[in-house]
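Structural characterization, general
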Amino acid sequence: MYSYTFADYKDFWGNSIVAYTQDELKQQVAKAAVEYVKEGIIGVGTGSTANYFIEELAKVKGRIEGAVASSEATAQRLRNHGIKVYDMNDVDSLDIYVDGADEITSAMHMLKGGGGALTREKIVAAVAKTFICICDESKYVSVLGKFPLPVEVLPMARSQVARALVKMGGRPVLRDFTTDNGNVILDVHDLTITDPVKTEAEINQIVGVVTNGLFAARPANILLLATADGVKTVTKK
Ligand code: 5RP
């Protein structure tokens, strides 16, 4: 279901005559997300789109008590804007969690973790009543997996997990990166993920995996999608 929240300029035939850069689209969707910020403590994600959201959130920070961050980078950015950051363990529930994604489908299944914050993102998402995913239209796909699937792994299990992922048909590549939790990330290429709920569970069963970047068991509730025709609000079909 689509509804428009941003007007756009059209030519005589109704075609869009405004070309936006990807960053402009991210800014527009971040602005739209702030309309969902009411009060209390909110969850804030990680990445360039989430960073634009933080900029917009800072303008209305008086409305909220504070935020829970899905990464150290986001926590620092929130503090820099004078927004109080709460420890996840001190918060029982969150009305909303706002975060980006690397890919999302019409079923609201997401592939996340391009910024390496997937585990904390999944924890904050689990506590939130409403997951608001903010993306530009390049992220809206019919099948997940073109973007390599990040898998956070305990360092000593790296090789054994990589072998298991190869058996599943993937091509794991070790990222030159250490997560906020002190772990490593395998980016798994060449997966066509037709059953994201099953694949998410299967990969999480491999010993040594902390979690993987499929957000299918807990999908998004609302997708705000920035397009050349404005920001569309998409909910599950
Ligand atoms: C970080 C994430 C991000 O939400 C995802 O990578 C999208 O990032 P960006 O908004 O920069 O495109 O999952 O771990």
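Just above, that's the structure.
Reference entry: report on the structure contained in this document. All values reported here derive from a predicted model rather than from experimental measurement.

1. Side note on the site of the ligand
Around the ligand, a shell composed of 17 residues is seen, among which S48, T49, D102, G113 and K139 lie nearest. Within the contact set of the ligand, an oxygen atom lies 2.5 Å away from a side-chain nitrogen or oxygen of S48. The contact in question runs from an oxygen atom of the ligand to an N or O atom on the side chain of T49, over 2.5 Å. Coverage of the ligand by the protein chains reaches 91% of its 380 Å² of free accessible surface.

2. A few points about the sheet that holds strand β12 (residues 214-215)
The three strands are arranged β5-β6-β12 in an open sheet whose pairing can be described as antiparallel. Each of the sheet's edge strands pairs with one partner strand only, and the pair in question is β5 (103-104) and β12.

3. Some remarks on helix α3 (residues 72-80)
Every buried residue of α3 is accounted for by T74, A75 and L78. One face of α3 carries all of its buried residues, which in axial projection span an arc of 100°. Opposite the buried face of α3, by more than 90 degrees, sit the exposed residues A73 and N80. Buried residues along α3 sit against β1 (41-44), α2 (48-59), β2 (66-69) and β3 (85-86). Of the residues one or two after α3, G82 is the one with positive phi, at around 75°.

4. Quick notes on the environment of S70
The topology assignment puts S70 in the loop between β2 and α3. For the pair S70 and V231, spaced 161 residues apart in sequence, the C-alpha to C-alpha distance is 24 Å. If near-sequence neighbours (up to four positions away) are discounted, S70 is found in contact with V44, G45, T46, Y97, A117, R120, E121 and V124. Looking at S70, its side chain comes within polar contact range of the side chain of T46, at 2.6 Å.

Basis of the calculations
- Residues numbered from 1 in each chain as written.
- Predicted model: local features only at pLDDT ≥ 70, side-chain atom pairs only at ≥ 80, totals over all residues.
- Heavy atoms only, no water.
- Near = heavy atom within 4 Å.
- Polar contact = N/O pair within 3.5 Å; in protein donor to acceptor, adjacent residues only side chain to side chain.
- Areas by Shrake-Rupley, 256 points an atom, 1.4 Å probe, with all protein chains shown as cover.
- Pairing = 2+ DSSP bridges.
- Helix = DSSP H or I, 4+ residues; strand = E, 2+ residues; numbered from the N terminus.
- Buried < 20%, exposed > 50% of the residue type's maximum accessible area, 1.4 Å probe, protein only.
- Arc of directions from axis to C-beta.
- Contact = heavy atoms within 4.5 Å.

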